[in-house]
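Reading the structure
Spelled out from the first residue to the last, the chains are:
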Amino acid sequence: MTLFRRSFAVLVLVCLGCSAQLAPVPSDLNQKIERQIRATYSISSSVKITVGATRPSEFPNYDSLTVTIEGAEKKQTYDFLLSKDGKTLARITKLDLTKDPYAETMKKIDVSGRPTRGNKDAKVVVVNFDDFQCPFCSRMHQTLFPDLLKEYGDRVQFVYKDYPLTEIHPWATHAAVDANCLAAQSNDAYWDFADYIHANQHAVNSDKGHDAQFAELDRLALEQGQKHNLDQTKLQACVKAQNEDAIKASMKEAEGVGVSATPTLFVNGQEMDGALPASEMRAALDRALEEAGVPAPSHSPAAAATAPQAPTK
């Protein structure tokens, strides 16, 4: 019986200790915190904000608390620090210096099996999440190819992934499927198709109605198949099936690394948004090459900037 009483007393103390770790925020302070967060981050009144209980933090004179922000379609939590005197709310982002953020990003992007241009063994890889109907993607494509490919092709690998903006570009997914049907048999056929579409988006846009646009894309894909002596039976079956699974997987992967607009490029994991001028791309490529221990190519003094950054969403 004595042992039971002692065990029970220890259990009570442990539970009291656990409950003491969390302390509800007083209602008046709770209201101040909510108002500050709404004002600082421009959060509308239709979004629900819930301030959690405080708990010990690793920072002297500060407790931690979690704030939940919940809208109609999305719910997210954020950690804040609250001073012991209740006068200061702070948000600190901890950065793990033991990991390379760019390398961690590249781990999330699967480039296996994708058509490539440049040096397949390059230490610098450029991944472009592309939309065949996006005019800014067309501008970016023509900046990369052929000029930058000629300059960096022996040092850099270029890879395209699909991110069609389906809500505003109705034939982009169809074009991506057709391009991937070509890629399944020929790297060169894929790039010839990509070059043509990005240089001649107007030719597809000029066809009236989605069916006519789809038919034109299929015709162009089959034309490339003939040019490159591909298996026409397999190509026709692939084009006709219009299987979007690979496109959807690419889009999900893109969103997992923060892509929301096109074009979005990753140079060895460093994100670059919009139709960037050639000068900015050169600077990014040169920096990545230097970090990888590879000498950058010499540049002609005549190399000039192209279009300004202009992402489309």
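See the structure above.
Here's what I pulled together on the structure shown here. (Residues numbered from 1 in each chain as written. Predicted model: local features only at pLDDT ≥ 70, side-chain atom pairs only at ≥ 80, totals over all residues. Heavy atoms only, no water.)

**Examining the nonpolar core**
Core analysis: the biggest nonpolar cluster contains 55 residues, and Phe129, Phe132, Leu144 and Met281 have the highest contact counts within it. Setting aside chain neighbours within four positions, we find leucine 144 in contact with Asn128, Leu149, Phe158, Tyr160, Leu265 and Met281. Of all hydrophobic cores here, the second largest spans 13 residues; its members include Leu29, Ile49, Leu65 and Leu82. (Core = buried A, V, L, I, M, F, W, Y, C linked by side-chain atoms within 4.5 Å. Buried < 20%, exposed > 50% of the residue type's maximum accessible area, 1.4 Å probe, protein only. Contact = heavy atoms within 4.5 Å.)

**Remarks on the packing of aromatic side chains**
Overall, the coordinates contain 7 aromatic pairs when judged by the stated rule. Ring centres 5.6 Å apart and planes at 75° place the aromatic pair phenylalanine 145 and phenylalanine 158 in the edge-to-face group. Pair noted here: phenylalanine 145 is in helix α4 (residues 135–152) and phenylalanine 158 is in strand β8 (residues 156–162), with a separation of 13 residues, a long-range link. Pairing tyrosine 190 with tryptophan 191 gives two aromatic rings, centres 5.1 Å apart and planes at 85°, and the pair type is edge-to-face. Judged by its relative accessible area of 0%, tyrosine 190 is buried. By relative accessible area, tryptophan 191 is classed as buried at 2%. Following the ring pairs from residue to residue traces out a cluster consisting of Phe145, Phe158, Tyr160, Tyr190 and Trp191. Directly above the aromatic system of phenylalanine 80 lies the positively charged group of arginine 91, at a separation of 6.0 Å from the ring centroid. (Phe/Tyr/Trp six-rings, centres within 6.5 Å; stacked < 30°, edge-to-face > 60°. Helix = DSSP H or I, 4+ residues; strand = E, 2+ residues; numbered from the N terminus. Lys NZ or Arg CZ within 6 Å of the ring centre and 35° of its normal.)

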